[in-house]
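Each chain is listed here by its residues.
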Amino acid sequence: MPVQKKKPERNKIPKDQWNLVIRIDENGNEITLEDYDSNQKERILPFQADSISEVAKKELALNRLENVKNYGIFRLPDVGKVDREKAIQLIKEDSEHAKYLIQLELKTIDLMVQRLNSEE
């Protein structure tokens, strides 16, 4: 029986994630996942949530949500269904759920970068 090779983690990254911003560099340039992947040898630093301000986290999450094509719909207590537009609204309004939604985006970034780095 032939041994099946494991698919690289890269193949598990949704196509719409490649062009989304994962960080903003010190000069204000947006770095996408594709930029990070193609320029790793040039030492683009990976996203580090601890190193940026709350305002920058909010802006990063909004940037990603405004540009993502596929966003899952889920329910939040006291809010109900949350789709992409509702998530953007909740973050812009600094609602009690904004921090959670921002953390979801930061976790998504972290997961995508881990998948890329696991191939090295």
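One structure accompanies this document, and this report is about it. (Residues numbered from 1 in each chain as written. Predicted model: local features only at pLDDT ≥ 70, side-chain atom pairs only at ≥ 80, totals over all residues. Heavy atoms only, no water.)

Glancing now at the overall build of the protein chain. The secondary structure content of the protein chain amounts to 4 helices and 4 strands. Counting over 120 residues, the protein chain shows a buried share of 35%. Contacts spanning at least 24 positions in sequence make up 53% of the contacts within the protein chain whose residues lie at least 6 apart. By element, 48% of the accessible surface of the protein chain is carried by carbon and sulfur atoms, the whole surface being about 8,400 Å². (Helix = DSSP H or I, 4+ residues; strand = E, 2+ residues; numbered from the N terminus. Buried < 20%, exposed > 50% of the residue type's maximum accessible area, 1.4 Å probe, protein only. Contact = heavy atoms within 4.5 Å. Areas by Shrake-Rupley, 256 points an atom, 1.4 Å probe, with all protein chains shown as cover.)

Turning to the environment of Ile-31, a few remarks are in order. Here Ile-31 is to be found in strand 2 (residues 30-32). For Ile-31, a relative accessible area of 9% corresponds to the buried category. Taking the C-alpha atoms as reference, Ile-31 lies 8.2 Å from Leu-20; in sequence the two are 11 residues apart.

The next point concerns the pattern of salt bridges. Pairing of side chains with opposite charge becomes possible as their charged atoms draw close. Taken as a whole and judged by the stated rule, the model has 6 salt bridges. Two residues, Asp-94 and Lys-58, come together in a salt bridge whose shortest N-O distance is 2.9 Å. Placement of Asp-94 in the loop between helix 3 (84-92) and helix 4 (98-117) and of Lys-58 in helix 2 (residues 54-67) is noted, with a sequence separation of 36 residues between them. The residue Lys-107 makes a salt bridge to Asp-110 at a minimum N-O spacing of 3.9 Å. With Lys-107 and Asp-110 both in helix 4 and 3 residues apart, this pair spans about one turn of that helix. (Salt bridge = Lys/Arg side-chain N within 4 Å of Asp/Glu carboxyl O.)

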